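Here are the chains, one letter per residue:
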Amino acid sequence: FLFSSFAIKAVSRAAYQEGDLDAKLTRHQLGVDVDHNSADIELTLDTGERYYFGAITIEQNEGFDDAFLRRSVKMKSGDPFDPQKILDTQFALGDLNYFRSVVVDAQKDHAGDDRRVPIVIHTTPKPPRQYKYGAGYGTDTRARASSGVEFRRLNSEGHRLRADVTASQLGESAAVEYIVPTGPLPTDNFSIQAAGFDYKLPS
């Protein structure tokens, strides 16, 4: 019985992954041969018609350019429905570090006769700025304190700015980095950096 349930779930899951969202089991027969300690399972699955991705909408109120965010969307309207692409899109947008949460809603109930499933991507933004503070002691700096700020989104193209300042008994240092995204991955970017310091040798 457990193997039969596993087989049913495996077949249904495979159909869903292929975009057969109306797939249903029409025949399920289990025959047990006690004398030979064996069993035969017969499953008939009606896959129905395949579904496709429909219009893809990104809901966000942060002023990002729609084309900028769509670089991280892993599906296209008209492509066969694929739940893995939905997960990939959710992770890719989340990894950009602009959003607290990303939820991809596949609205199968709104699919028309063409079996195109509308996709709505709901986003919840992170705060526009992140601050950090620290304190410590090191043999090269002695007592020190540090602070920093990151401006997560400076414009519609997702440009970011980081600034860090450290003050210690032996001097001060500061660093600024301006980051420009160039591709769909968080690591796809180029940056402009500047730094300065003023230290004295320990006596």
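Model, not experiment: these values are computed from the prediction.

Scoring rules and cut-offs
Residues numbered from 1 in each chain as written. Predicted model: local features only at pLDDT ≥ 70, side-chain atom pairs only at ≥ 80, totals over all residues. Heavy atoms only, no water. Pairing = 2+ DSSP bridges. Helix = DSSP H or I, 4+ residues; strand = E, 2+ residues; numbered from the N terminus. Axes fitted to C-alpha atoms, helices over the stretch in contact; angles between N-to-C directions. Core = buried A, V, L, I, M, F, W, Y, C linked by side-chain atoms within 4.5 Å. Buried < 20%, exposed > 50% of the residue type's maximum accessible area, 1.4 Å probe, protein only. Salt bridge = Lys/Arg side-chain N within 4 Å of Asp/Glu carboxyl O. Phe/Tyr/Trp six-rings, centres within 6.5 Å; stacked < 30°, edge-to-face > 60°.

Student: How would you sum up the sheet that holds strand β7 (residues 142–151)? Please name residues and give values.
Tutor: Taken in spatial order, the five strands of this open sheet run β6-β7-β8-β9-β10, and their pairing is antiparallel. Each edge of the open sheet is held by one strand with a lone partner, namely β6 (129–138) and β10 (189–199). Taking the axes of each pair of neighbouring strands and ignoring which way they run, one obtains an average angle of 10 degrees across the sheet. Pairing of strand β8 (residues 160–168) with strand β9 (residues 171–181), which is carried by nine bridges, proceeds in the antiparallel orientation.

Student: How would you summarise the nonpolar core if you had to cite specific residues and measurements?
Tutor: In this structure, Leu-69, Met-75, Phe-81, Ile-119 and Ile-121 are the most contacted members of the largest nonpolar core, which totals 20 residues. Elements supplying a minimum of two residues to this core: β3 (52–59), α2 (66–70), α3 (83–95), β4 (99–106) and β5 (116–125).

Student: Lay out the pattern of salt bridges in plain terms, naming residues and giving numbers.
Tutor: Tallied over the entire structure, the rule returns eight salt bridges. Note that Arg-70 and Asp-66 form a salt bridge whose closest N and O atoms lie 2.4 Å from each other. One end of the pair is Arg-70 and the other is Asp-66, both in helix α2 and four residues apart, which spans about a single turn. With a relative accessible area of 32%, Arg-70 lands in the partly exposed category. Where salt bridges share partners, they join Glu-150, Arg-160, Arg-162 and Glu-177 into one cluster.

Student: Describe the packing of aromatic side chains, with residues and values.
Tutor: Throughout the structure, instances matching the rule amount to six aromatic pairs. Ring centres 5.9 Å apart and planes at 35 degrees place the aromatic pair Phe-64 and Phe-68 in the tilted group. Each member of the pair, Phe-64 together with Phe-68, is buried. Here Phe-64 and Phe-99 contribute two aromatic rings whose centre-to-centre distance is 5.9 Å and whose plane-to-plane angle is 70 degrees, an arrangement assigned as edge-to-face. Residue Phe-64 is found in the loop between β3 and α2, and its partner Phe-99 is found in strand β4; the two are separated by 35 residues along the sequence. In this structure, Phe-64 and Phe-99 share a single accessibility class: buried. Ring pairs connect the aromatic residues Phe-64, Phe-68, Tyr-98 and Phe-99, which therefore count as one cluster.

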